[in-house]
Amino acid sequence: MLKHPISSSRITRRQFVTGLGATTLLPNAARATPLGNSNIPAVSSNQWDLRIQRSKITLDGKTLNAPCVNGTVPGPVLRWKEGETVSLTITNTLKEDTSIHWHGIRLPSQMDGVPGLSFYGIPPGQKFTYTFPVQQSGTYWYHSHSNMQEAIGLYGAIIIDPLTPDPIPCERDYVIFLGEWTDAMPDDIISNLKMQSDYYNFRQRTLASLPKEAQHAGSTSAALKDRLMWSRMNMAATDISDVTGIVYTYTLNGHAPDTNWTGLFRPGERIRLRFINGAAMTFFDVRIPGLEMLVVQADGNNVEPVPVDEFRIGVAETYDVIVQPKDNRAYTLFAQSEDRTGYARGTLAPALRMSGIIPPMDPRPVRTMVDMGMGHMDMPSMSTMKMPSMNMGGMAMNMPPSSPSPIVEDPGPPPLNVENQNIAQAPIDRTGSPGDGLEHNGRRVLTYKHLRALRPGTDPRPPSREIILHLTGNMERYIWGFNGRKYSESGPIRLHKGERVRFTLINDTMMEHPIHLHGLWSELENGHGEYRPYKHTLISQPGSRMSYLVTADVPGMWAYHCHLLYHMDLGMFRTVIVS
Ligand SMILES: [Cu+2]
């Protein structure tokens with residue numbers, strides 16, 4: 001039934017990322033220390049010279065002549081200080097245009113680094129100097145916004161020291177930069193997905209998997225009925241990730257799993273781990289077996305500490321966690337891809353060359369009717385919805401009774417056409433769900449409802465306008481968009497400077513989309529009143545409805561898009577104009 005043009009020997013070689021003894025061949029500078037290029041500079045600096053150059057880098061047997069910063073993947077960790085003005089000169093030695101976008105950083109729009117929107121890009125052989133005041137603190141990252149450079153290595157971490165010390169001091173501080181590596185070229189990946197949307201998905205349901213499905217569904221006939229329903233919709237319940245471990249090696253600080261990046265500690269020390277998901281297409285589920293993680297920051301902003309065993313990190317999100325290993329042993333940093341086709345791995349250990357046990361991967365998630373927007377099932381969010389402050393989609397929960405209702409701009413359900421395959425009939429609030437595949441797994445898993453800002457928001461005004469956006473797509477044709485339209489077919493979203501707006505996302509697709517608004521904060525309405533967490537990237541879960549508030553306080557043209565790189569490239573992109 002499935003005809004895949006990739007030969008079976010290639011599949012076997014690449015199916016999992018455990019590696020075949022291939023070595024990491026990072027440039028000498030990066031190899032000098034087992035910590036790779038993830039070292040945090042001892043002190044912050046406000047002057048940076050960064051060179052974008054092609055470097056031959058081999059990882060897990062896959063070699064790329066990758067565009068990267070100062071010769072390493074990821075590029076150097078940039079450490080800044082809140083309150084200072086930074087100046088970063090980028091030299092482009094490539095034969096093509098480049099750019100650096102400072103993800104999550106609040107700055108004048110012409111410093112945002114999106115070619116065609118906020119500046120002209122950096123032509124070959126040219127320099128460009130970004131200068132802006134640093135008005136925030138926390139963990140962020142940078143990446144190219146040109147062509148597909150981000151997918152092949154042009155990225156790195158940013159750490160901004162706060163003016164006042166972090167609430168919980170730590171003895172150690174590590175960046176944990178998650179990514180993927182492949183020698184398949186981004187344009188080839190896109191054309192493969194266009195030709196066949198499940199090109200990289202080898203794990204469809206089969207006759208062999210029927211007994212397990214029957215067990216899950218209660219009977220064989222129920223399982224068959226479920227299959228029939230999916231096939232009538234011309235969809236697959238196994239669509240989790242568009243690109244998988246078949247071609248990707250998942251990396252941690254630039255290391256493939258077999259080369260095992262290691263961070264050292266002395267038992268009893270508190271360690272801050274700054275997780276950044278710099279992947280182009282992969283969500284990771286992160287845990288450290290044997291260690292509790294205290295989530296203290298999301299997307300650079302402090303939250304009330306949440307003790308968890310696991311969290312999902314969407315593409316472009318960041319989470320800071322604190323751990324305190326007591327035993328004189330190695331602990332595995334385990335980041336399995338959402339579709340369970342591979343994992344990134346590293347180690348926390350009292351000495352080099354120690355390693356902990358690598359746990360087996362969990363079963364992959366299977367999409368359900370909830371993901372189709374068909375309403376409730378036995379969701380944890382059902383119970384959290386009984387919380388007094390909660391209601392559907394977060395509507396009105398932060399508004400005093402006297403405030404006027406916002407003007408709602410609702411395009412209505414998107415049309416069913418070649419650009420859109422599905423309409424969520426009954427989208428639900430899923431901020432109380434940790435995500436598909438993580439529910440009821442016996443571990444304490446972070447959800448968006450757990451995120452409560454340490455301080456109340458700076459803009460107490462209720463929104464005067466609500467903009468409803470449907471996330472839409474046609475998986476079969478690999479087209480993505482908002483409201484059933486591609487970028488090329490739609491005008492900008494216009495905001496007035498100073499305006500307070502509610503964005504409501506309805507996800508009509510059966511995939512997660514990490515939605516990123518440049519330049520402005522997105523304050524998630526998750527039931528905590530004025531203690532909304534400030535984020536720059538928000539995962540919209542399949543079949544969900546979610547709202548957040550935005551103050552349009554910086555004028556300019558801003559990008560607004562899904563951060564799955566190939567979704568952005570194929571239409572899930574809008575321009576937001578603040579004027
Ligand atoms: Cu997307």
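Below is a short write-up of the structure.

The rules behind these values
- Residues numbered from 1 in each chain as written.
- Predicted model: local features only at pLDDT ≥ 70, side-chain atom pairs only at ≥ 80, totals over all residues.
- Heavy atoms only, no water.
- Helix = DSSP H or I, 4+ residues; strand = E, 2+ residues; numbered from the N terminus.
- Buried < 20%, exposed > 50% of the residue type's maximum accessible area, 1.4 Å probe, protein only.
- Contact = heavy atoms within 4.5 Å.
- Areas by Shrake-Rupley, 256 points an atom, 1.4 Å probe, with all protein chains shown as cover.
- Donors = N, O, S within 2.8 Å, 3.2 Å for Na, K, Ca; no water.
- 1 Å grid on protein atoms, 1.4 Å probe; cavity = no way out; pocket = protein on both sides within 12 Å on 5 of 7 lines; lining within 4 Å.
- Points joined across faces, edges and corners; volume = space filled by probe spheres on them.
- Nonpolar A, V, L, I, M, F, W, Y, C, P; charged D, E, K, R; others polar.
- Domains from an automatic or database assignment.
- Polar contact = N/O pair within 3.5 Å; in protein donor to acceptor, adjacent residues only side chain to side chain.
- Pairing = 2+ DSSP bridges.
- Axes fitted to C-alpha atoms, helices over the stretch in contact; angles between N-to-C directions.
- Arc of directions from axis to C-beta.

### What to know about the overall build of the protein
Then, number 1: Scanning the protein from N- to C-terminus turns up seven helices and 31 strands.
Then, number 2: Within the protein, the proportion of its 579 residues that are buried is 62%.
Then, number 3: Restricting to contacts in the protein with at least 6 residues of sequence separation, those with at least 24 account for 78%.
Then, number 4: Summing over all exposed atoms, the protein offers an accessible surface of approximately 21700 Å²; the carbon and sulfur share of this is 55%.

### A word on the coordination of the copper ion
Then, number 1: Taken together, the protein ligands of the copper ion are His513 (ND1), Cys562 (SG) and His567 (ND1), with distances of 2.0 to 2.1 Å.
Then, number 2: Summarised as a motif, the one-chain spacing of the donors to the copper ion is H-x48-C-x4-H. Of this pair, His513 sits in strand S25 (residues 513–517) while Cys562 sits in strand S30 (residues 556–562), and the two are 49 residues apart along the sequence. Both residues of the pair, His513 and Cys562, count as buried.

### What to know about empty space enclosed by the protein
Then, number 1: Under the criterion given, the structure shown has ten cavities of 30 Å³ or more.
Then, number 2: Its volume calculated, the largest cavity comes out at about 130 Å³.
Then, number 3: Grouping the constituent residues of the lining of the largest cavity by class yields six nonpolar, four polar and two charged.
Then, number 4: Both of domain 2 (166–203 + 238–366) and domain 3 (407–578) provide at least three residues apiece to the lining of the largest cavity.

### So, unusual backbone geometry
Then, number 1: The linkage connecting Val73 with the following residue, Pro74, adopts the cis geometry, with an omega of -10°.
Then, number 2: With respect to the helices and strands, Pro74 occurs in the loop between strand S2 (62–69) and strand S3 (78–81).
Then, number 3: We note that Asn147 has phi near 45°; this positive angle belongs to a residue other than glycine.
Then, number 4: Within the secondary structure, Asn147 is located in the loop between strand S7 (138–143) and strand S8 (155–161).
Then, number 5: Looking at Asn147, the relative accessible area reads 53%, which means it is exposed.
Then, number 6: Here the phi dihedral of His440 falls at roughly 55°; this positive angle occurs in a residue that is not glycine.
Then, number 7: Positionally, His440 belongs in the loop between strand S20 (407–409) and strand S21 (465–474).

### Overview of the side chain of His518
Then, number 1: Along the polypeptide, His518 turns up in the loop between S25 and strand S26 (522–524).
Then, number 2: By relative accessible area, which is 0% here, His518 ends up buried.
Then, number 3: Within the structure, His518 has its side chain in polar contact with the side chain of Asp112 (distance 2.7 Å).
Then, number 4: The contacts of His518, once residues within four sequence positions are left out, are His101, Asp112, Val114, His145, Trp558, Ala559 and His561.

### Section: the sheet that holds strand S23 (residues 493–495)
Then, number 1: Strand order in the open sheet made by the five strands is S23-S31-S30-S25-S28, with mixed pairing throughout. Unpaired on one side and paired on the other, S23 and strand S28 (537–540) mark the two borders of the sheet. Across the sheet, the mean angle separating the axes of adjacent strands is 20° when strand polarity is ignored.
Then, number 2: Relative to S28, S25 runs antiparallel, the two sharing four bridges. Pairing of Pro514 across the sheet is with Ile539, part of S28.

### Notes on the pairing of strand S13 (residues 284–287)
Then, number 1: Of the two faces of S13, the one holding Phe284 and Val286 and the one holding Asp285 and Arg287 are both buried throughout.
Then, number 2: Sheet analysis places S13 next to strand S18 (residues 331–337), joined by four bridges and oriented antiparallel. Bridge pairing links Val286 to Ala335 in S18.

### Digging into the layout of surface pockets
Then, number 1: Looking at the second largest pocket, its volume works out to about 680 Å³.
Then, number 2: Considering the residues around the second largest pocket, the lining is formed by 33 residues, among which Ser137, Gly300, Asn301, Asn302 and Arg455 are closest to the centre.
Then, number 3: Elements that contribute at least two residues to the lining of the second largest pocket include exactly S7, S8, strand S12 (271–277) and strand S15 (301–308).
Then, number 4: Among the residues forming the lining of the second largest pocket, the class breakdown is 14 nonpolar, eleven polar and eight charged.

### A short note on the sheet that holds strand S19 (residues 343–349)
Then, number 1: Taking strand neighbours across the sheet as the criterion, the five strands line up as S11-S19-S18-S13-S16 in an open arrangement whose pairing is mixed. In the strand order of this sheet, the two ends are held by strand S11 (261–264) and strand S16 (310–313), each with one partner. Strand-to-strand, the axes of this sheet are offset by a mean angle of 20°, without reference to chain direction.

### Things to note about helix H3 (residues 186–195)
Then, number 1: By the burial criterion, the buried members of H3 are Pro186, Ile189, Ile190, Asn192 and Leu193. One side of H3 holds all its buried residues, which, seen down the axis, span an arc of 160°. Residues Asp187 and Met195 are exposed on H3 and point more than 90 degrees away from its buried face.
Then, number 2: Where H3 is buried, its residues meet helix H7 (565–569).

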